[in-house]
Amino acid sequence: AEPGPDLEAISTLTQRLTSLPFLRANHVELLIDGADTYDNMIRAIESAECYVLVQFYIVRDDAIGRRLRDALVSRARNGVRIYFLYDEIGCITLPDDYLDVMREQGIEVSGFKTTRGRSNRFQINFRNHRKIVVIDDEIAYTGSFNLVDPRFFKQEAGVGQWVDAMARIEGPAVLSLNAVFRWDWEVETGRDLKALPDPAKMAIRANQDPAANVQVVPSGPGIMGDSVHQLLLMAIYAARKELSMTTPYFVPDEAITAALLAAARRGVSVTLILPAKNDSRLVHYTCRSHFDELLDAGVRIFGFNGGLLHTKSAVVDRQISLFGTVNLDVRSFWLDFEVTLCVYDPPFAERLLALQQKYIEDSVAVDP
């Protein structure tokens, strides 16, 4: 299907904000099972011939973290260049040994920190919340999975297993995720990864049916500004029939709240799927402070009981999907470095809606 005027308008807006273009002919696969997702990612890393870029907000020295690290070490021993970027706040408990094993094998490792200078040394804002893996300009991953075993992460919070999703991309949009990683790497290290392969040599695999139109939308403090906030607002206002969204942390600002209310009041079927239990008590109650007016306007709200629902997604009119690392909260909008896929592909939208429906089946509708 060809993009309609709503997507063209969204694409024009975000391209002017981020300088990353709307790209056609991608293959986007939705990965929803934790074990399968990490297996898929590790197999792709094991196939790397030139380089691997890895970026996660949270990394743990657990079975999953060690498996992926060992795959990187193995490829490094075979001459593949590896670049590993982590957030220093998200990985504050990560032992030095985990990183030292990679450094000893020639892997370039850097922590993303925003605490330079005496006046900033205690700040904990401006976190790099992105999750990106890029392999040889051919395969990329992004979504909500951190590099942790979701069965055991934060179990002391009593929220159950973390429930996430990841997208595997093949096609031109891989180059945009490459660009986002390289921007972060240069900001942190001061060095441009000029030695990476020529993007012009990237080829779409012939055995697939590349159909998805994808735009990668990075956001965060500084030059990337409020791109994701404007994207979300435009997507909500573009909805004509239905809008379905999932987020673990629902603390919208006035503009997002007003857009959701306006959508419901003009007859759009608006659905929000949130975790019934949250790992932050403050967020839990702040989130519920918005429920009365949303329910009064006709928004359906579901509390997911199958764990801490951590997937960040939105589907507009079964055509446009927003998927990535952004929560529907003010921290994600203004303080964190995030990345979102804007996907125009009705089949991908249907797969994402089917996943959301699975969440609803394990949820309880919020009763006014």
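Here, the structure is the one placed above.
Calculation rules
- Residues numbered from 1 in each chain as written.
- Predicted model: local features only at pLDDT ≥ 70, side-chain atom pairs only at ≥ 80, totals over all residues.
- Heavy atoms only, no water.
- Pairing = 2+ DSSP bridges.
- Helix = DSSP H or I, 4+ residues; strand = E, 2+ residues; numbered from the N terminus.
- Phe/Tyr/Trp six-rings, centres within 6.5 Å; stacked < 30°, edge-to-face > 60°.
- Buried < 20%, exposed > 50% of the residue type's maximum accessible area, 1.4 Å probe, protein only.
- Lys NZ or Arg CZ within 6 Å of the ring centre and 35° of its normal.
- Salt bridge = Lys/Arg side-chain N within 4 Å of Asp/Glu carboxyl O.
- 1 Å grid on protein atoms, 1.4 Å probe; cavity = no way out; pocket = protein on both sides within 12 Å on 5 of 7 lines; lining within 4 Å.
- Points joined across faces, edges and corners; volume = space filled by probe spheres on them.
- Nonpolar A, V, L, I, M, F, W, Y, C, P; charged D, E, K, R; others polar.
- Axes fitted to C-alpha atoms, helices over the stretch in contact; angles between N-to-C directions.
- Parallel < 35°, antiparallel > 145°, perpendicular 65-115°, else oblique.
- Contact = heavy atoms within 4.5 Å.
- Expected span 1.5 Å × (residues − 1).
- Arc of directions from axis to C-beta.

A.B. asks: What is the right way to look at the pairing of strand β1 (residues 23–31) in this model?
C.D. replies: Taken residue by residue, a regular strand's side chains alternate between the two faces of the sheet. Of the pairings in the sheet, the one linking β1 to strand β9 (residues 212–219) comprises two bridges and is antiparallel in character. Each residue of the ladder has a partner; that of N26, found in β9, is A212. Two strands pair when backbone bridges link them, and β1 and strand β8 (residues 166–170) are joined in this way by five bridges, in the antiparallel orientation. When the bridges of β8 are listed, V28 appears paired with I169.

A.B. asks: Teacher, can you tell me more about the packing of aromatic side chains here?
C.D. replies: Ring pairs (aromatic) are described by centroid distance and by the angle formed between their planes. Taken as a whole and judged by the stated rule, the model has seven aromatic pairs. Aromatic side chains F304 and Y359 sit 5.4 Å apart centroid to centroid with 70 degrees between the ring planes, which places their arrangement in the edge-to-face category. Here F304, found in strand β13 (residues 300–304), pairs with Y359, found in helix α11 (residues 346–361); they are 55 residues apart in sequence, far enough to count as distant. Here F304 and Y359 have matching classes, each one buried. Taking the centre distance of 6.5 Å and the plane angle of 85 degrees together, the rings of F323 and F348 count as edge-to-face. In this pair, F323 is assigned in strand β16 (residues 320–324) and F348 in helix α11, connecting sequence segments 25 residues apart. Judged on exposure class, the residue F323 and its partner F348 are both buried. Chaining the aromatic ring pairs together yields one cluster made of Y83, F181 and W185. Directly above the aromatic system of Y98 lies the positively charged group of R69, at a separation of 4.9 Å from the ring centroid.

A.B. asks: Which parts of the structure should I look at to understand the pattern of salt bridges?
C.D. replies: Close approach of charged atoms allows side chains of opposite charge to pair. Going through the model one piece at a time under the given rule, you end up with eleven salt bridges. Here R103 ties to D100 by a salt bridge, and the two come within 3.3 Å at their closest N and O atoms. Of the two residues, R103 and D100 both sit in helix α4 (residues 96–104), three residues apart, roughly one turn of that helix. Members of the salt-bridge network, linked through shared partners, are E242, R318 and E350.

A.B. asks: Honestly, empty space enclosed by the protein in this entry has me stumped. Any pointers?
C.D. replies: The method is simple in principle: a probe with the dimensions of a water molecule rolls over the atoms, and the space it marks as empty is what remains. One pass over the full model with this rule turns up three cavities of 30 Å³ or more. Put simply, the largest cavity is a space of about 110 Å³. Together, 14 residues line the largest cavity, and L232, K312, S313, L322 and V326 are the ones closest to its centre. Among the secondary structure elements, those contributing two or more residues to the lining of the largest cavity are α6 (227–238), β10 (242–246), β15 (312–316) and β16. The residue makeup of the lining of the largest cavity, split by class, is eight nonpolar, five polar and one charged.

A.B. asks: Any chance you could explain the packing of α6 against helix α7 (residues 254–265) here in plain terms?
C.D. replies: A pair of packed helices can be characterised by two numbers: the angle between their axes and the separation between those axes. Taken N-terminus to C-terminus, the directions of α6 and α7 make an angle of 10 degrees; their axes are 9 Å apart at the nearest point. Relative to α7, the element α6 is oriented roughly parallel. Within the contact between the two elements, α6 uses H229, L232, L233, I236 and Y237 and α7 uses A255, I256, A258, A259, L260, A262 and A263. Of the residues contributing to the contact of α6 with α7, the split by class is eleven nonpolar, one polar and no charged.

A.B. asks: In this structure, what is going on with α11? I would like to understand it.
C.D. replies: Since the α-helix turns once every 3.6 residues, residues separated by three or four places project in the same direction. Helix length check: α11 (16 residues) gives 22 Å between terminal C-alpha atoms against 22 Å at 1.5 Å per residue, within 8%. Listed as buried for α11 are F348, A349, L352, L353, L355, Q356, Y359 and I360. Buried positions in α11, seen along its axis, are confined to an arc of 160 degrees and lie on one side of it. Away from its buried face by more than 90 degrees, α11 exposes K358 and E361.

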